Amino acid sequence: MSKRRQLLAEYGADRAMLSIYLGSCLAAAAEDLPVAGATSLQDRFFGWLPRRSRRY
């Protein structure tokens, strides 16, 4: 199982907690890799998440 699938399975429907976890990982990566650029890292950490349909 890929790490992304594992995270989705572990956090299930709690996307808020998954986003908080990924945000903390993003912050740590930004400290370790300052030359990578914020947009590049943000896409890498959050770009793979499936989009939730919006209900109005």
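Procedures and definitions
- All residue numbers here refer to positions counted from 1 along the written sequence of the relevant chain.
- Side-chain atom pairs in this predicted model are given and counted only at pLDDT of 80 or more, local residue features only at pLDDT of at least 70, and totals for whole chains, interfaces and linings cover all residues.
- Side-chain measures here rest on the full set of heavy atoms in the structure, leaving out hydrogens and waters.
- When the centres of two rings from Phe, Tyr and Trp lie within 6.5 Å, Trp using its six-membered ring, the rings pair. Their planes under 30 degrees apart give stacked, over 60 give edge-to-face, and anything left gives tilted.
- Segments assigned H or I by DSSP are reported as helices when at least four residues long, segments assigned E as strands when at least two residues long, and all are numbered from the N terminus.
- Simply put, an axis is a line fit to the C-alpha atoms, just over the touching stretch for a helix, and the angle between two N-to-C directions goes from 0 to 180 degrees.
- Note that the term roughly parallel is reserved for angles under 35 degrees, roughly antiparallel for angles over 145, roughly perpendicular for angles of 65 to 115, and oblique for everything else.
- Each helix crossing is assigned a hand: it is left-handed if the near helix lies turned anticlockwise from the far helix by less than a right angle, otherwise right-handed if that turn is clockwise.
- Residues count as neighbours in contact if any of their non-hydrogen atoms are within 4.5 Å of one another.
- Asp, Glu, Lys and Arg are counted as charged, while Ala, Val, Leu, Ile, Met, Phe, Trp, Tyr, Cys and Pro are counted as nonpolar; the rest, among them Gly, fall into the polar class.

Chemist: Lay out the packing of aromatic side chains with the relevant residues and their values.
Modeler: Applying the stated criterion across every chain yields a total of one aromatic pair. Judged by centre distance (6.0 Å) and plane angle (25°), the ring pair of Y11 and Y21 falls under stacked. Of this pair, Y11 sits in helix α1 (residues 3-11) while Y21 sits in helix α2 (residues 15-32); the two residues are 10 residues apart in sequence, bridging distant segments of the chain.

Chemist: Help me get a handle on the packing of α1 against α2, residues and values and all.
Modeler: The contact between α1 and α2 brings their axes to 9 Å, and the two run at 135°. Classified by the angle their axes make, α1 and α2 are oblique. Remark: the crossing between α1 and α2 carries right-handed chirality. Along its contact with α1, which presents L7, L8 and Y11, the element α2 presents M17, L18, Y21 and L22. Its residues placed into classes, the contact of α1 with α2 shows seven nonpolar, no polar and no charged.

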